[in-house]
Amino acid sequence: MSEITPGLWEILLDGVWITLQLTFLSAALAAAVAFVTGLARLNRLRIVRFAAGVYFEVFRGTSALILMFWLFFVLPLGLGWQLEPMWAAVLALGLSYGAYGSEVVRGAVAAVPRGQHEAGVALNLPPGQRLWRIVLPQAWPEMIPPFNNLLIELLKGTALVSVMGVSDLAFGAALVRNATGQSAPVYTVILLVYFVIAFAMTRGMRVLERRARAGAGEGPPRRAALSPRRLFAPRRRAAAAAAASSGGERR
Amino acid sequence: MPADTANAYTDTDAGGRAQGRATVGTGTTADELIRFDRVTKRFGSNTVLDSLDFRVFPKKHVTLIGPSGSGKTTILRLLMTLLKPDEGTITVDGTPLSHEERNGKLVPAGEKHVREVRKNMGMVFQQFNLFPHMSVLRNITEAPVQVLGMSRDEAAERALELLDMVGLKDRSDTYPGRLSGGQQQRVAIARALAMRPKVLLLDEVTSALDPELVAGVLDLLRDIARTTDITMLCVTHEMSFARDISDCVMMFDEGKVIEFGHPEKMFGDPEQERTREFLSAVL
């Protein structure tokens, strides 16, 4: 047993940076996949819906860890070249979480009232404009809370990459533990670090959600997302506030 | 009421049936603005429109009445291309809605063709269907800018004129969620008119409103009917409004026009027993 030296702390810090990179890159890929697949699952062409449905079922039903191994070890046999472990990880996480995310996109888009589509038709807006200008702006605020869940799942999922030797936070922790022989302080610190990152993400997503709801006509933007009182305040539904403010005349 | 409507209800069409095709206005086939030929629409095993024939000439105001489920709203939705007929043809201003000619052949209409025909129609919905994420002004300007290619400034100028007409010029920056139902519906009317349609389809536009807000919307529509050339097809339960604005009232039952005529005649001395029953129930 020995002390955690500054050099070892640095390994952990580097690990945090890699974890953040992995999270950000995978999330970007997952978001793109989620929108493309989610919208494809609502396409009027049956073949498009079917293809997207197959993608969704396959990637939802496979383990991200096995997919990562597969991309890293099996794919090279066919392609003749091997992905960097980091990119295999981003691909595996992005494709898996994109499949989950597609369900979020599909659900939120499908939840926009029919009348909104119909008003778009009545104004002769072309299908693409109806989606982009009418449906998505209203669906977007509904997507943010479930996206936040997925983002945090994804953050924690990045710990899988350590088994492939990517030097993320979990990998750093294992190194430091081996060097010092101390499990308790290392893993306690790591646990907290994951929590702090996740919490910061949640706060960020809430700001995003509040802005999105304000932009969707559900009430004015609210201030002070990071004030201590608000930090732990129970979440209020902006929609409820908007409904109340419009009075009883809307039936 | 225009004088020509009084004797306008005899069918001059060769294909007309014994009862006579419901016809509103006079003119040749080339002048027709809306024409339904044996249009049938089913939902599952329920036949909502049963081989329906009727035609409407420009500038006429037609009110569709009848018990709920008789297919009135379906007619408007078919015209707005929100539904497709199972059989028959709908023609708007001489162009079929569901088919187009390509290489000399009649083929199912593509999106481009449908949008071209759809230009003629505007619709106001029972539930307003304003876009909640856009200001009142933006609700009105969005389609003129995106679809008609109008500049933002020009569209805004016209939108403000329309808002002035519907009495809401001072609410242009408000979001729909902050307006009363009556105000929302007036914005929806302005939004439909901004696209300069030839036909305005009004689908029970006051049914979702609190009673005290109904009059304002109906007065506005009376004004529009009186001062513009727009053709109106109107599904309503407001019989006094129907009497005021209509050139023709069509009574529907079980997917057919069972009687049609001038409102004075329809409300004063209807011929069909079924019409009499319906009117005595709603008046």
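Note that the coordinates shown come from a computational prediction; the quantities given were computed from them, not determined experimentally.

What to know about the packing of helix H5 (residues 114–122) of chain A against helix H6 (residues 127–157) of chain A
Residue and element names in this part refer to chain A.
So, point 1. Put simply, H5 and H6 touch, their axes get as near as 10 Å, and they point 160 degrees apart. Considering their axes alone, H5 and H6 lie roughly antiparallel with respect to each other. Our pair here, H5 against H6, has a crossing hand that is right-handed. Contact with H5, carried on its side by Gln116, His117 and Gly120, involves Arg130, Ile134, Val135 and Gln138 of H6 and no other residues of that element.
So, point 2. Split into classes, the residues belonging to the contact of H5 with H6 amount to two nonpolar, four polar and one charged.

A look at the UniProt feature "domain: ABC transporter" (unreviewed entry) in chain B
So, point 1. Within the UniProt annotation, "domain: ABC transporter" (unreviewed entry) is assigned to residues 34–279 of chain B.
So, point 2. Taken as a whole, residues 34–279 of chain B contains 37% helix and 28% strand, while its terminal C-alpha atoms sit 26 Å from one another.

Regarding the interface of chain B and chain A
Often the size quoted for an interface is simply the accessible area lost on bringing the parts together.
So, point 1. In this assembly, 27 residues from chain B lie in contact with 25 residues from chain A.
So, point 2. Only helix H2 (111–118), strand S9 (121–124) and helix H3 (136–146) of chain B provide two or more residues apiece to the side of chain B that touches chain A.

Section: the sheet that holds strand S2 (residues 34–43) of chain B
All names here are of chain B.
So, point 1. Taken in spatial order, the five strands of this open sheet run S1-S3-S2-S5-S6, and their pairing is mixed. Each having just a single partner strand, strand S1 (22–24) and strand S6 (95–96) make up the two edges of the open sheet.
So, point 2. In this structure, strand S5 (residues 87–92) lies alongside S6, joined through two bridges in antiparallel fashion. Note on S6: the bridge partner recorded for Thr91 is Pro96.

Considering the environment of Ser162(A)
So, point 1. For Ser162(A), the position within the fold is in the loop between H6 and helix H7 (169–180).
So, point 2. In this view, Ser162(A) contacts Asp168(A), Ala170(A), Phe171(A) and Ala174(A); residues no more than four positions away in its chain are not counted.

Considerations on the UniProt feature "domain: ABC transmembrane type-1" (unreviewed entry) in chain A
So, point 1. With numbering aligned to this structure, UniProt lists the feature "domain: ABC transmembrane type-1" (unreviewed entry) at residues 16–202 of chain A.
So, point 2. Secondary structure over residues 16–202 of chain A splits into 82% helix and 0% strand, and the C-alpha atoms at its two ends are 18 Å apart.

Section: the nonpolar core
So, point 1. Residues Leu201(B), Met250(B) and Met251(B) are the most contacted members of the largest nonpolar core, which totals 131 residues.
So, point 2. The element contributing the most residues to this core is helix H4 (residues 85–110) of chain A, with 13 residues.
So, point 3. Composition of this core by domain shows at least three residues from each of domain 1 (3–120 + 197–282) and domain 2 (129–196) of chain B.
So, point 4. When neighbours within four sequence positions are excluded, Leu201(B) is seen to be in contact with Leu76(B), Leu79(B), Met80(B), Met121(B), Gly122(B), Met123(B) and Leu233(B).

Observations concerning the sheet that holds strand S4 (residues 61–65) of chain B
All names here are of chain B.
So, point 1. With mixed pairing, the six strands of this open sheet are ordered in space as S9-S10-S11-S4-S12-S13. Of all strands in the sheet, those with a lone pairing partner are S9 and strand S13 (256–261), marking the two edges. Each strand of the sheet is rotated relative to its neighbour by a mean of 20 degrees, with strand direction disregarded.
So, point 2. Strand direction decides the pairing type here: S4 and strand S11 (residues 231–235), joined by four bridges, are parallel. Opposite Leu64, over in S11, you have Val235 as the bridge partner.

Some details on the environment of Met232(B)
Residue and element names in this part refer to chain B.
So, point 1. Tracing the backbone through its elements, the reader meets Met232 in strand S11.
So, point 2. For Met232, a count of 21 C-beta atoms within 10 Å corresponds to the buried category.
So, point 3. In sequence terms Met232 and Lys169 are 63 residues apart; their C-alpha atoms lie 25 Å from each other.
So, point 4. Setting aside residues up to four positions removed in sequence, Met232 forms contacts with His61, Val62, Leu200, Leu202 and Ala225.

Definitions and cut-offs
- Residues numbered from 1 in each chain as written.
- Chains lettered and ligands numbered in written order.
- Predicted model: local features only at pLDDT ≥ 70, side-chain atom pairs only at ≥ 80, totals over all residues.
- Axes fitted to C-alpha atoms, helices over the stretch in contact; angles between N-to-C directions.
- Helix = DSSP H or I, 4+ residues; strand = E, 2+ residues; numbered from the N terminus.
- Parallel < 35°, antiparallel > 145°, perpendicular 65-115°, else oblique.
- Left-handed = near helix turned anticlockwise from the far one by under 90°.
- Contact = placed C-beta atoms within 7 Å.
- Nonpolar A, V, L, I, M, F, W, Y, C, P; charged D, E, K, R; others polar.
- UniProt positions renumbered as here; feature names shortened; annotations may be inferred.
- Pairing = 2+ DSSP bridges.
- Core = buried A, V, L, I, M, F, W, Y, C linked by C-beta atoms within 7 Å.
- Buried ≥ 20, exposed ≤ 12 C-beta atoms within 10 Å, placed from the backbone.
- Domains from an automatic or database assignment.

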